[in-house]
Amino acid sequence: ATPTAVMVATGVGANHGVLIKGGDALERAQNIRYVIFDKTGTLTQGKASVTTAKVFSGMELGDFLTLVASAEASSEHPLAKAIIDYAYHYHFFSKLPTSKAIGKQSKEDIISEWLLEAVEFSALPGRGVQCLINGKKVLVGNRKLLMENKVLIPMEVESFMVELELNAKTGILVAYDGILAGVIGVADPLKREAAVVVEGLKKMGVQPLMVTGDNWRTAEAVAKEVGIEDVRAEVMPAGKADVIRALQMDGSVVAMVGDGINDSPALAAADVGMAIGAGTDIAIEAADYVLMKNSLEDVITAIDLSRKTFSRIR
Ligand code: ADP
Ligand code: MG
């Protein structure tokens, strides 16, 4: 392709909200053999919503939700946002109709009225969050997080988790002071175009994969819904890059599509990294493509554009 053709293609991409960082990236996309999708926020809408909250200790449900929301208040994760939102609605409606809040205060103000102070907060990528509330350790996250902290998961809790996961939901475990306090079930629906795009890629001779930090049962339920056969679950952020390197071993061109929250190492390791949506700044920096519209269809647009620009039939 001539420099002019590359410039034209870059312009066409930009008009579609597909930002391409240079001619090399544009050229590599024509030969993509594998497209690896992150699950949360990439294949799914990333607008998780809480479907169930179950207390397994003596705690009152309202107090439990306050505790969890307070622990998640400093997290950027879509799961954290869902939990805080659920707690907000729970408290808001349980106070009706006397709440002075109605129509007057912002959501943030209302939340700050009941939020507890959390200190020593840390976000643990691929696992969850931890902090101290009332001087006691609070853990919110997956089995791995609780196991690392030697918190026992009672059998009735484990079966509740499995039930959620078989239904494509993510179960979030909560421990307070070393004891399992409860579980929050979260659903994150697929993007509407996800299945069609997966099907389209297969027709183009590109193999789709899904990689996620979420557990195997949820991952497989979601993959089945979207039509992806090759799934890698319970992968830590750094592990996503390893999955890519393994696929590159035979010289295959590998693309990674991620929304940013801890996908940067994978976006950088891929031959073609595609950051989707507004994403985070680090992800956009690590990527070769930015898909501004947050639509998976643009993965196909990007490959098409490259194939047309560098068509072997000249
Ligand atoms: P993905 O790879 O699907 O984008 P992540 O690597 O972000 O997922 O997270 C993996 C898992 O770690 C989540 O499914 C969840 O169980 C847990 N986790 C991560 N961050 C949080 C959080 N802020 N609150 C609760 N759980 C979390
Ligand atoms: Mg993600």
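Residues numbered from 1 in each chain as written. Chains lettered and ligands numbered in written order. Predicted model: local features only at pLDDT ≥ 70, side-chain atom pairs only at ≥ 80, totals over all residues. Heavy atoms only, no water.

Time to look at the side chain of D214. Inspection of the secondary structure assignment puts D214 in the loop between β9 (207-211) and α10 (216-226). At 3.0 Å, the side chain of D214 forms a polar contact with the side chain of K39. Reaching out from D214, the side chain makes a polar contact with the side chain of N215 at a distance of 3.1 Å. For D214, the residues in contact, after removing those within four places along its chain, are K39, T170, A233 and E234. (Helix = DSSP H or I, 4+ residues; strand = E, 2+ residues; numbered from the N terminus. Polar contact = N/O pair within 3.5 Å; in protein donor to acceptor, adjacent residues only side chain to side chain. Contact = heavy atoms within 4.5 Å.)

One non-glycine residue with positive phi stands out, namely K150, at about 55°. For K150, the location among the structural elements is in the loop between α7 (143-148) and α8 (155-166). Here D177, not a glycine, exhibits a phi torsion of approximately 55°, which is positive. Inspection of the secondary structure assignment puts D177 in the loop between β7 (170-176) and β8 (179-187).

Take the site of ligand 1 next. Taken together, 21 residues lie near ligand 1, and T40, E72, H77, T212 and K240 sit nearest. Taking G126, its main chain carries an N or O atom lying 3.2 Å from an oxygen atom of ligand 1. Burial of ligand 1 by the protein amounts to 97% of the accessible area it has alone, namely 560 Å². For the shell around ligand 1, the secondary-structure elements that each account for two or more residues are α3 (39-43), β5 (128-133), β6 (136-141) and β7. The residue makeup of the shell around ligand 1, split by class, is four nonpolar, 11 polar and six charged. (Near = heavy atom within 4 Å. Areas by Shrake-Rupley, 256 points an atom, 1.4 Å probe, with all protein chains shown as cover. Nonpolar A, V, L, I, M, F, W, Y, C, P; charged D, E, K, R; others polar.)

Position of K39 relative to the elements: it lies in helix α3. With near-sequence residues (within four places) excluded, K39 lies in contact with T44, T170, M210, V211, T212, D214, T218 and V222.

This brings us to the coordination of the magnesium ion (ligand 2). Around the magnesium ion (ligand 2), the protein supplies D38 (OD), T40 (O) and D259 (OD) as donor atoms, at distances of 2.4 to 2.6 Å. Within one chain, the residues serving as donors to the magnesium ion (ligand 2) are arranged as D-x1-T-x218-D. With T40 in helix α3 and D259 in the loop between β11 (253-258) and α12 (264-269), the pair connects residues that are 219 residues apart, well separated along the chain. Each member of the pair T40 and D259 is classed as buried. (Donors = N, O, S within 2.8 Å, 3.2 Å for Na, K, Ca; no water. Buried < 20%, exposed > 50% of the residue type's maximum accessible area, 1.4 Å probe, protein only.)

In space, the six strands of this open sheet follow the order β3-β8-β7-β6-β5-β4, with antiparallel pairing throughout. If you trace the sheet from one side to the other, it starts and ends with β3 (49-55) and β4 (118-124), each paired once. Mean inter-strand twist for the sheet, computed between neighbouring axes without regard to direction, equals 15°. Summarising the sheet, β7 and β8 pair through seven bridges and their orientation is antiparallel. Looking at the pairing, V174 lines up with G182 of β8. (Pairing = 2+ DSSP bridges. Axes fitted to C-alpha atoms, helices over the stretch in contact; angles between N-to-C directions.)

The values reported here are purely geometric and, on their own, carry no functional implication.
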